[in-house]
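Here's the letter readout for the chains.
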Amino acid sequence: MQQEEDENSLVEYGFRRVIITITAVLCALLEIVDTTIVNVALNDMKGSLGATLTDVAWVITAYAIANVIVIPMTSWLSKQFGRRNYFATSIIIFTTASFLCGNATNIWELVAFRFIQGLGGGALLVTAQTIITESYPMAKRGMAQAIYGMGVIVGPTLGPPLGGYIVDNYSWPYIFYINIPLGIIATFLTILYVRSPKYGEKLKASQVDWWGIVFLATFIGSLQFVLEHGQQDDWFDNSLIVSLSVASFFGLILFIWREMVYENPIVNLRVLKDSNLRVGTIMTFILGFGLYGSTFIIPIYTQSVLGFTATDAGLLLIPSSITTGIMMPIIGKMIQKGVPQKYLVTAGFSIFFIYSLWMYLEMTPDTGVEHFFWPLVVRGVGLGLLFVPITTLSLSTLMGKDIGDGAAFTGMTRQLGGSFGIAIITTMISRWAQQHRVDLIANLDPTKFNVQERVQNLQYMFMGKGFSFNESLNKAYELLDMSVSKQAIVLSYMDIFLYLGILFLICVPFVLLIKKGAGKVDMSAMH
């Protein structure tokens, strides 16, 4: 009974709730925009810090590793230090690290500061979700997830155009400096308005699950490294990748064992007894796979194949985000009215399948912007239908302090899903592109009339520009070779979309297996 009273004591109304919601969404946005804003600036960083592409990739990797290590621990940390203090401290760490990132003088300084920034940032995401969930009464939880979701979905798409604009007009340190004023405002609002729940006692240093932290960091840190660097280091032909994979595997087993036997576990695995959370966690993984995977693939395709600038490539995703933003509150309302969430999720997966198939059909070496507009709007609708129901479903039957633990799980699996998605997609693109190239070259038979004609036309074109006969012939072959490579890459992107679509289609029957009572948030138990 005590717990239920605590549960309702955090519910806010009126002005305070608005302020708390704005603060929490602002923090979630800060952290998410920062995950993607850097992607656009990598080239400039490479130049001004004198680093290789592999080194620069660490700017993303370090942040992701820190994020994924800290996310599962957030629930425990906020119980340990009090939620408000922990949230405020995280914002301060994040903001200070942003300032230091902007002032970094070499690449490894930047990577170290990004890691610290990630430790602060990971907390913002999950704690923001918990704060929002608990500030709304039970009946409005769907709406609360919708508001939080707008931040989480719009964030990754705001990153690239914002980053592109800043890099084109100012310089790359400003993508970090932009966090500073926002961070300061968020800190003040948090200290003034956010309240800490009264769950649990603090642990003494000797009771803290240090081994749990070590095993968790080993498992997730190694896994994240393997995923980010697998493709460029030839996967299991590389001894470092093999040893880290083994470390990650044993880390996972030891971690699960430790959390099951220790009395004060750092991550409460027992919440996974809740069947909705289990299903939700798996679906969040797939959602992360699709969300981050497709957000990653489109800018690369438009920049490398269609020759867009960074800003344009980012702007292309805006219609999709706006659609999702519009969808979120509508879906929050539908959930409140009692529309079964599993039907919404089924619709979401089916729409995502349509989107993937559509992109598969639209892709050519010279697709225009107008061809992307509608598929991306469809993607926005699909994401909206997936995000809110999955998050609400995962947390729907959890009570009190379990909400934080549940949010930590879904947050972690979403990030991991994204990392798996990006790793698998980059690997597939390079493997399939080679395969397609081999298949395409087989069709270029020099004895065929149309091949000869094409080479001859190209040769005459170059001769017309004043090159000699032999030079022109070589240039004609080079041009033909380039167009073959380009087509091979486009074909591999098409394959990716086709397989992503099939993956989403496979999920549909599983969603329909969710227990009947599961989707509905039980209101009666709350009073």
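Residues numbered from 1 in each chain as written. Predicted model: local features only at pLDDT ≥ 70, side-chain atom pairs only at ≥ 80, totals over all residues. Heavy atoms only, no water.

**Quick look at the overall build of the protein**
For clarity, the cut-off: A run of DSSP states H or I qualifies as a helix once it reaches four residues; a run of E qualifies as a strand once it reaches two. Both are numbered from the N-terminal end. Per-residue accessibility, obtained with a 1.4 Å probe over protein chains only, is compared with the maximum for each type, and a residue is labelled buried under 20%, exposed over 50%, and partly exposed between these values. In this analysis, two residues are considered to be in contact whenever any of their non-hydrogen atoms come within 4.5 Å of each other. To measure how exposed things are, a 1.4 Å probe is used in the Shrake-Rupley method; for residues, cover is taken only from the protein chains shown.
The number of helices and strands found in the protein is 19 helices and zero strands. Out of the 527 residues belonging to the protein, those deemed buried represent 55%. Considering only intrachain contacts with a sequence separation of at least 6, the fraction spanning at least 24 residues in the protein is 83%. With an accessible surface of roughly 22,800 Å², the protein has 67% of that area assigned to carbon and sulfur atoms.

**Some remarks on the confidence of the model for the protein**
The condition that has to hold: The quantity called pLDDT is the predictor's confidence in a given residue, expressed from 0 to 100.
Counting all residues, the mean pLDDT for the protein is 77, and 89% of those residues have values of 70 or more. Mean pLDDT across the elements of the protein ranges from a minimum in helix 1 (residues 2-9), with 49, to a maximum in helix 5 (residues 83-102), with 85. Here residues 1-6 scores under 50 on pLDDT; set against residues more than four positions off or in separate chains, the count is nine contacts. Note on residues 517-527: pLDDT under 50 across the span, and 17 contacts to partners over four residues away in sequence or across chains.

**What about a nonpolar patch on the surface?**
The following threshold applies: In this scheme, patches are assembled from residues that exceed 30% relative accessible area and form no salt bridge. Like charges are connected within 9 Å, while nonpolar side chains (Val, Leu, Ile, Met, Phe, Trp, Tyr) are connected within 5 Å. Whenever a carboxyl oxygen of Asp or Glu lies within 4 Å of a side-chain nitrogen of Lys or Arg, that contact is scored as a salt bridge.
Taken together, the side chains of Phe236, Val242, Val246, Phe249, Phe250, Ile253, Leu254, Ile256, Trp257, Met260 and Val261 define a hydrophobic patch exposed on the protein surface, amounting to about 1,000 Å² of accessible area. Examined against the element boundaries, Val242 turns out to sit in helix 11 (residues 239-261).

**Focus: the side chain of Gln117**
Considering the arrangement of structural elements, one finds Gln117 in helix 6 (residues 107-135). In this view, Gln117 contacts Asp34, Tyr63, Phe94, Ala97, Ser98, Cys101, Phe176 and Asn179; residues no more than four positions away in its chain are not counted.

**Here's the deal with the environment of Ser248**
Filter applied, for reference: Polar contact is the term for a pair of N or O atoms within 3.5 Å; when the atoms are in protein, one must be able to donate a hydrogen and the other to accept it, and sequence-neighboring residues count only if both atoms are side-chain atoms.
By the secondary structure assignment, Ser248 is in helix 11. When the C-alpha positions of Ser248 and Leu223 are compared, they lie 5.7 Å apart, and in sequence the two are 25 residues distant. Contacts of Ser248, omitting those with residues within four sequence positions, involve Thr218, Phe219, Ser222 and Leu223. Looking at Ser248, its side chain comes within polar contact range of the main-chain oxygen of Phe219, at 3.0 Å.

**Topic: the packing of helix 17 (residues 402-443) against helix 19 (residues 469-512)**
Under the convention used in this document: Interaxial angles span 0 to 180 degrees and are taken between N-to-C directions of axes, which are lines fitted to C-alpha atoms, for helices over the stretch in contact. In this scheme, roughly parallel covers angles under 35 degrees and roughly antiparallel covers those over 145, while 65 to 115 is roughly perpendicular and the rest are oblique. In this scheme, a crossing is called left-handed if the near helix is turned counterclockwise away from the far one by less than a right angle; it is called right-handed if the turn is clockwise.
Where helix 17 meets helix 19, the closest approach of the two axes is 8 Å, and the angle between their N-to-C directions is 130 degrees. If you check the angle between helix 17 and helix 19, you find them oblique. In this structure, the crossing between helix 17 and helix 19 has a hand that is right-handed. Residues Ile425, Met428, Ile429, Trp432, Ala433, His436, Arg437, Leu440 and Ile441 of helix 17 lie in contact with helix 19, whose contacting residues are Asp481, Val484, Ser485, Gln487, Ala488, Ile489, Leu491, Ser492, Tyr493, Asp495, Ile496 and Tyr499.

**Thoughts on the pattern of salt bridges**
A full pass over the atoms with the stated rule returns one salt bridge. We note a salt bridge from Arg437 to Asp481, for which the minimum N-O separation is 2.6 Å. Of this pair, Arg437 sits in helix 17 while Asp481 sits in helix 19, and the two are 44 residues apart along the sequence. Arg437 gets classed as partly exposed once you look at its relative accessible area, which sits at 26%. Residue class for Asp481 comes out partly exposed when judged on its relative accessible area of 36%.

**Thoughts on the packing of helix 7 (residues 141-169) against helix 14 (residues 318-336)**
Keep this limit in mind: Each residue gets one label: Ala, Val, Leu, Ile, Met, Phe, Trp, Tyr, Cys and Pro are nonpolar, Asp, Glu, Lys and Arg are charged, and the others, such as Gly, are polar.
Orientation of helix 7 relative to helix 14, taken along the N-to-C sense of each, is 175 degrees, at an axis distance of 8 Å. Comparing their axes, helix 14 and helix 7 come out roughly antiparallel. Seen from helix 7, the contacting residues are Gly142, Met143, Ala146, Gly149, Met150, Ile153, Val154, Thr157, Leu158 and Pro161; seen from helix 14, they are Ile318, Ser321, Thr324, Gly325, Met328, Pro329, Gly332, Lys333 and Gln336. Classifying every residue of the contact of helix 7 with helix 14 by side-chain character gives ten nonpolar, eight polar and one charged.

**Quick look at the nonpolar core**
Where a protein is soluble and globular, its nonpolar side chains tend to be buried together. Keep this limit in mind: Among buried residues, those of type Ala, Val, Leu, Ile, Met, Phe, Trp, Tyr and Cys that are joined through side-chain atoms within 4.5 Å constitute a nonpolar core.
If you look at the biggest cluster of nonpolar residues, it comprises 111 residues, and the most contacted ones within it are Tyr148, Ile220, Ile297, Ile298, Tyr301, Phe349 and Tyr355. Element by element, the count of residues in this core is highest for helix 12 (residues 275-304), at eleven residues. Sequence-distant contacts of Phe349, that is, excluding residues within four places in its chain, are made with Met283, Ile286, Leu386, Phe504, Cys507, Val508 and Val511. Counting 20 residues, the second largest nonpolar core, distinct from the first, contains Ile37, Cys101, Trp172 and Phe176.

**Some words on the packing of aromatic side chains**
As a reminder of what qualifies: Classification of ring pairs uses Phe, Tyr and Trp, with its six-membered ring standing for Trp, and accepts pairs whose centres are within 6.5 Å; under 30 degrees between planes counts as stacked, over 60 as edge-to-face, and the remaining range as tilted. Throughout this description, the term charge over a ring refers to an Arg CZ or Lys NZ atom that lies within 6 Å of the ring centre and within 35 degrees of the ring normal.
Counted under the stated rule, the structure contains eleven aromatic pairs. Considering the side-chain rings of Phe352 and Phe504, the 4.4 Å spacing of their centres and the 35 degrees angle between planes classify their relative orientation as tilted. Note that Phe352 is positioned in helix 15 (residues 341-362) and Phe504 in helix 19, a separation of 152 residues in sequence. Residue Phe352 is classed as buried on the basis of its relative accessible area, which comes to 1%. When its relative accessible area of 0% is taken as the criterion, Phe504 is described as buried. Relative to Phe497, the ring of Tyr355 lies with its centre 6.0 Å away and its plane at 90 degrees, an arrangement referred to as edge-to-face. Of this pair, Tyr355 sits in helix 15 while Phe497 sits in helix 19, placing them 142 residues apart in sequence. Each of the two residues, Tyr355 as well as Phe497, counts as buried. Three or more aromatic residues joined by ring pairs form one cluster here, namely Phe349, Phe352, Tyr355, Phe497 and Phe504. Arg114 extends its terminal NZ or CZ atom over the ring of Tyr63, reaching a point 4.1 Å from the ring centre.

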